[in-house]
Amino acid sequence: QVQLVESGGGLVQAGGSLRLSCAASGQIVSINTMGWYRLIPGTQRDLVAEVTGGGRTTYEGSVKGRFTISRDNAKNTVYLQMSSLKPEDTAIYYCNAIIVGDSGLLYQYWGQGTQVTVSS
């Protein structure tokens, strides 16, 4: 079993910053890609940013230059530093990880979600 535990969401004014964290624990051999998705009411869950095991990052267009994803492999933790937040960034943010299990197979896991609300 693997768990992803998120923290760091909350309420912030437009222009402010928040840092999300997601720690993976359990039967983990290694972690491939880790990322953050968000669910805006009335839409589908979309990728915000992801980082590979080798450190390559990908960002959704509207967050480029404002959000930074990073990971600490020793702690099996991924972070999302969000700056210059806008009301349209309001969403539930979900951590995602592709993990190699004891069997050598890849499994995808999701965190429970953390609410980010940006007031205007």
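These numbers were taken from a predicted model, which means no experiment stands behind them. (Residues numbered from 1 in each chain as written. Predicted model: local features only at pLDDT ≥ 70, side-chain atom pairs only at ≥ 80, totals over all residues. Heavy atoms only, no water.)

**Re the pairing of strand 10 (residues 106-110)**
Quick reminder of the rule: When DSSP finds at least two bridges between two strands, those strands are taken to pair. Note on conventions: DSSP H or I runs of at least 4 residues are helices, E runs of at least 2 residues are strands, and numbering of each starts at the N terminus.
Judged from the five bridges that link them, strand 9 (residues 91-100) and strand 10 form a sheet pairing that is antiparallel. The partner of Ile 99 across the bridge, within strand 10, is Tyr 107. Between the end of strand 9 and the start of strand 10, which pair antiparallel, lie five residues, with Gly 104 showing a positive phi angle near 90°.

**Quick word on the side chain of Arg 38**
Our working rule: For every residue, the accessible area obtained with a 1.4 Å probe (protein chains only) is divided by the maximum for its type, and the residue is called buried under 20%, exposed over 50%, and partly exposed between those limits. The term polar contact refers here to a pair of N or O atoms within 3.5 Å; inside protein, the definition further demands a hydrogen-donor-capable atom paired with an acceptor-capable atom, and it admits residues adjacent in sequence only when both atoms are side-chain atoms.
Position of Arg 38 relative to the elements: it lies in strand 4 (residues 30-39). Residue classification places Arg 38 among the buried positions, given a relative accessible area of 9%. Among the polar contacts made by the side chain of Arg 38, one reaches the side chain of Tyr 93 at a distance of 2.9 Å.

**What to know about the pattern of salt bridges**
This is how the line gets drawn: What makes a salt bridge here is a side-chain nitrogen of Lys or Arg within 4 Å of a carboxyl oxygen of Asp or Glu, nothing more.
Per the counting criterion, the structure on display carries three salt bridges. Two residues, Arg 38 and Glu 60, come together in a salt bridge whose shortest N-O distance is 3.8 Å. Placement of the pair is Arg 38 in strand 4 and Glu 60 in the loop between strand 6 (57-59) and strand 7 (67-72), with a sequence separation of 22 residues. We classify Glu 60 as partly exposed; its relative accessible area is 30%. Each member of the salt-bridge network shares a partner with another, and the members are Arg 38, Glu 60, Arg 66 and Asp 89.

**Quick look at the packing of aromatic side chains**
Stated precisely, the cut-off is as follows: Aromatic pairing here means that ring centres of Phe, Tyr or Trp (its six-membered ring) are within 6.5 Å. Orientation follows from the plane angle: under 30 degrees is stacked, over 60 is edge-to-face, and everything else is tilted. Note on geometry: a ring has a charge over it if NZ (lysine) or CZ (arginine) is within 6 Å of the ring centre and within 35 degrees of the ring normal.
Under the defined criterion, the tally for this structure stands at one aromatic pair. Each ring, one from Tyr 37 and one from Trp 110, has its centre 4.9 Å from the other, and the planes form 70°; the classification is edge-to-face. A residue pair is termed long-range when its members are at least 10 positions apart, and Tyr 37 in strand 4 and Trp 110 in strand 10 qualify at 73 residues. For Tyr 37, a relative accessible area of 18% translates into the label buried. Trp 110 sits in the partly exposed class, given a relative accessible area of 30%. The ring of Tyr 79 has Arg 19 sitting right over it, with the charged end atom 4.1 Å from the ring centre. If you follow Arg 45 out to its NZ or CZ, it ends over the ring of Trp 110, 3.8 Å from the centre.

**A closer look at the state of the cysteines**
For clarity, the cut-off: Any pair of cysteine sulfurs within 2.5 Å is marked as a disulfide.
As enumerated under the stated definition, the model contains one disulfide in all. Each sulfur in the disulfide pair Cys 22 and Cys 95 lies 2.0 Å from the other. Since a negative S-S torsion denotes a left-handed disulfide, the Cys 22-Cys 95 link at about -80° is left-handed. Here Cys 22, found in strand 3 (residues 18-26), pairs with Cys 95, found in strand 9; they are 73 residues apart in sequence, far enough to count as distant. You can call Cys 95 buried: its relative accessible area is 0%.

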